[in-house]
Amino acid sequence: MTGTLGKDLLGLESLTGEQIRLILDTAEPFKEISERAIKKVPALRGSTIVNLFFENSTRTRISFEFAEKRLSADTVNVSATGSSVSKGETLVDTARNLEAMRIDMVVIRHSASGAAKFLADRIQSNVINAGDGTHEHPTQGLLDILTLRDRFGDLKGRRICICGDILHSRVARSNIWGLTKLGAEVAVCGPRSLLPNAIDEFGVKIFDRVEAAIEWAEALNVLRLQFERMTAGYIPSAREYNRVFGISRERLDRAKRDILILHPGPMNRGVEIDSDVADGPHSVILDQVTNGVAVRMAVLYLLAGGKPELAEAAKGGSSRGREERE
Amino acid sequence: MKPLFLRGGTLIDPSRRLNAVGDLLVADGVIAASGRGINAPDDAEVIDCGGLIVSPGFIDVHCHLREPGREDVETIATGAKAAAAGGFTAVCAMPNTDPVTDNQAAVGFIVRQAQRAQAARVYPIGAISLGQEGKVLAEFGEMVGAGAVAVSDDGKPVVSAQLMRTALEYARTFRIPVIDHCEEPTLSAGGSMNEGIVSAQLGLKGIPAEAEEIMVIRDILLARLSGGHVHLAHMSTKGSVELIRWGKDRGINVTAEVCPHHLSLTQERVRGYETNAKMNPPLRTEKDCEALRQAVKDGTIDVIATDHAPHHYDEKEREFADAPNGIVGLETALAVIVTNLVEKGYIGFPDLVERMSCTPARVFNLPGGSLKRGAPADITVFDAKARWTVDASQFASKGRNTPYNGMTLVGRAACTIVAGSVVYRSGMPVRGREGGGTRRQTKRAKG
């Protein structure tokens, strides 16, 4: 069954601004469900969802699982270790076997760019990309955007800078696609060795120095510095990275305005972001996590064929939304 | 052997500046006569070539036939038949087999398997270094004695400049080219496509054009230093073309080849993580394609070669970064060149024959490349106007990994003749020069 988003959510590149807005709007009523004493609605009752995680993940996996459970779906978690994957089964065989058990959706996290699309092209079930290599992480992009929208309202013309390792970041790519489609002005800032060589062609501003980025931006999305990049020789040390590119209180204090601070987590405190910034008054890092569940509920709901206008009704505790589409 | 009489085709032979309608008589495995007003002997087998082009046989100086080691994806027999079906009368087989073709016995094995195949000729290329490990020179002299026509560590670059220099010097005794796969390995490490906007958007590690160009200029300078003949495999960038031009202008003994895919497809083709658009060197940009087409036109690039690289379906049916590099090319090369270079006005058919037959023969010092009297009767007859849709499942090759599958192209081999024997005729099953013993393999290849 395909809804207004198509069969799968593989990335924000392939979505229109309309579709992104639809997901964000649909997420709004779902936010409230998580605030209830009984955090459950029957919108996806009877649906079976497999969370197929070939890469370690705590936050994203748990967030998806909560989203699925709060929509009353039946979920199974499969991780790469302790499954047939570790016996050398190919991705396509794993997927086909799961599908043979009559599942409705697959949430996949994989270290290879394109893995989600690979799967989506080969199975009937809806596929949601929970991060593929260094390609995209669309639900993270959506929750970042939802968090920005909560504070800014319309994002048109808003200035958002993504800081850090853009080269290897799927979060950066999804943010760039999503934000530009909503009319925001997007910049990136980081050492050139961690920016794609073709960054000029992305249609974003580029800051070589974080001070300039802070002067320009209304919000900073600070990416995690992956330590394996240092052994690969992209930057000399975490210490120098913090000194040159770290988001510190002192740097932010020099800005003319308050700057909203986002971080997709998990954070390296004292490396890309200092603790007094992460825990400071303008940090929305925990709001991002809360919004993550709502955005994922919206995506699951819409891909299952739920009608956006019925999200309110679904939230209301009836199973009408689901019955309507059947 | 019955004489062959090819009647009424357009004879194109750049080696003699010939481009005219005429007949061609083949007897005793050599070309006996050509032109107008030749009488067909009574016992001759007559092939009507009206509306077709008759040219010296195409020679592919770069293919991977996988035997020994990966007979599941190609054998010398299936590769030689695929070559014949694509209009090639001879191919040169790269030594990255398992075990590596790095000694006279291994070279001799390929020669024998090729004789058994009775299709296109197969000339072995020996390794530059033992095991292609880039350390110790292989025995060029003995390999040449056993039938090798060139040396290469293809698939891998020769990383050590000193080893490359020595290879170029040592090869001079045997008058063979040293072929290099130009790739600076620290720059290309982990890369799976061209570095650029597409790799950045797809989140794939890129291979910059400079990884190739650094080695191109290194090899040209080493050719100057050593006086040897360096042949640069599968050129893919505009910068490489400029560097080769620089070398040739200075009289350095450098020759170069380009593959049909680098002349016709760009990195855009990788979008969607299309593993049949994954090869090394990778598909580049439109600017590179255009520079390469111009280089074929002006002769900076000497040779069109396929880099035919069969892979198993399962190996390509996977995550992009983990899929192997390479595509099959023997059965689409002619059509891709006609469609993208001839039909679009870059070159004429005489240029096509020059780059696919005459120059390969000259550069690699091989028989063929001419229709003159007494030359070996290696002949390609092709239909320059045939419009056909590529169906990989019908390939004579065991490999089906092609980005051209389903595409409609123009130009197709009609008849391939090796040493005076018809080894391929369109519409007829692919068979060996003497038939027999090949049916089963053909059938298996299709299964």
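To keep things clear, this report deals only with the structure shown in the data block. Just so you know, these numbers come straight off a predicted model, no measurement behind them. (Residues numbered from 1 in each chain as written. Chains lettered and ligands numbered in written order. Predicted model: local features only at pLDDT ≥ 70, side-chain atom pairs only at ≥ 80, totals over all residues.)

If you tally the helices and strands in chain A, you get 14 helices and nine strands. Its C-alpha atoms give chain A a radius of gyration of 20 Å, within 12% of the compact-globule value 20 Å for 326 residues. With the C-alpha coordinates of chain A rotated into their principal frame, the extents come out at 55 × 45 × 35 Å. Counting only residues that meet the buried cut, chain A has 48% of its 326 residues in that class. (Helix = DSSP H or I, 4+ residues; strand = E, 2+ residues; numbered from the N terminus. Rg over C-alpha atoms; globule rule 2.2 N^0.38 Å. Buried ≥ 20, exposed ≤ 12 C-beta atoms within 10 Å, placed from the backbone.)

Another point: the interface of chain A and chain B. The interface of chain A with chain B comprises 20 residues on the first partner and 16 residues on the second. Those elements that place two or more of their residues in the side of chain A that touches chain B are α3 (91-100), α4 (115-120) and α6 (170-181) of chain A. A total of three residues in the side of chain A that touches chain B trace back to one element, the largest contributor, which is α4(A). Tallied by class, residues from the side of chain A that touches chain B come to eight nonpolar, seven polar and five charged. (Contact = placed C-beta atoms within 7 Å. Nonpolar A, V, L, I, M, F, W, Y, C, P; charged D, E, K, R; others polar.)

On to the environment of Asn96(B). With respect to the helices, strands and loops of the structure, Asn96(B) is situated in the loop between β7 (88-93) and α2 (104-117). In this structure, the C-alpha to C-alpha distance between Asn96(B) and Gly155(B), residues 59 residues apart in sequence, is 6.9 Å.

Residue and element names in this part refer to chain A. For histidine 263, the position within the fold is in the loop between β9 (260-262) and α11 (275-278). On a C-alpha basis, the gap between histidine 263 and asparagine 221 in space is 5.5 Å, while along the polypeptide they are 42 residues apart. Beyond its immediate chain neighbours, meaning those up to four positions away, histidine 263 contacts Val222, Ile273, Ala278 and Ile285.

Glancing now at the pairing of strand β1 (residues 4-13) of chain B. Side-chain direction in a regular strand flips from residue to residue, so the side chains alternate between the two faces of the sheet. Residue and element names in this part refer to chain B. Among the ten residues in β1, seven count as buried, and that is most of the element. As defined by bridge partners, β1 adjoins strand β4 (residues 45-48) across four bridges and the pair is classed as parallel. Note on β4: the bridge partner recorded for arginine 7 is aspartate 48. When β1 meets strand β2 (residues 18-27), the two strands line up antiparallel, connected through eight bridges. Of the residues in β2, the one forming a bridge with aspartate 13 is leucine 18. Between the end of β1 and the start of β2, which pair antiparallel, lie four residues, with arginine 17 showing a positive phi angle near 50 degrees. Bridge count between β1 and strand β5 (residues 53-56): two bridges; the pairing is parallel. By the bridge assignment, leucine 11 is partnered in β5 with valine 54. (Pairing = 2+ DSSP bridges.)

Right, let's get into the sheet that holds strand β8 (residues 121-126) of chain B. Backbone hydrogen bonds hold the strands of a sheet together, and the pairing may be parallel or antiparallel. Residues and elements named next belong to chain B. Strand order in this open sheet of eight strands is β6-β7-β8-β9-β10-β13-β14-β15, and the pairing throughout is parallel. Each edge of the sheet is formed by a strand with only one pairing partner; in this case those strands are β6 (58-63) and β15 (303-304). As paired strands, strand β9 (residues 150-152) and strand β10 (residues 178-180) are joined by two bridges and run parallel to one another. Counterpart to valine 151 in the pairing with β10 is valine 178.

Another point: the sheet that holds strand β5 (residues 159-163) of chain A. All names here are of chain A. Spatial ordering of the open sheet is given by β7-β6-β5-β8-β9, a layout of five strands whose pairing is parallel. Across the chains shown, the open sheet's two edge strands, defined by having one partner strand only, are β7 (205-207) and β9. Neighbouring strand axes in the sheet, compared pairwise and without regard to direction, differ in orientation by 25 degrees on average. Bridge analysis of β5 against strand β6 (residues 185-189) gives five bridges, and the strand direction is parallel. Paired with cysteine 163 across the bridge in β6 is cysteine 189. Strands β5, β8 (219-222) and β9 of the sheet are contacted by helix α5 (residues 138-152), whose axis makes an angle of about 165 degrees with β9. (Axes fitted to C-alpha atoms, helices over the stretch in contact; angles between N-to-C directions.)

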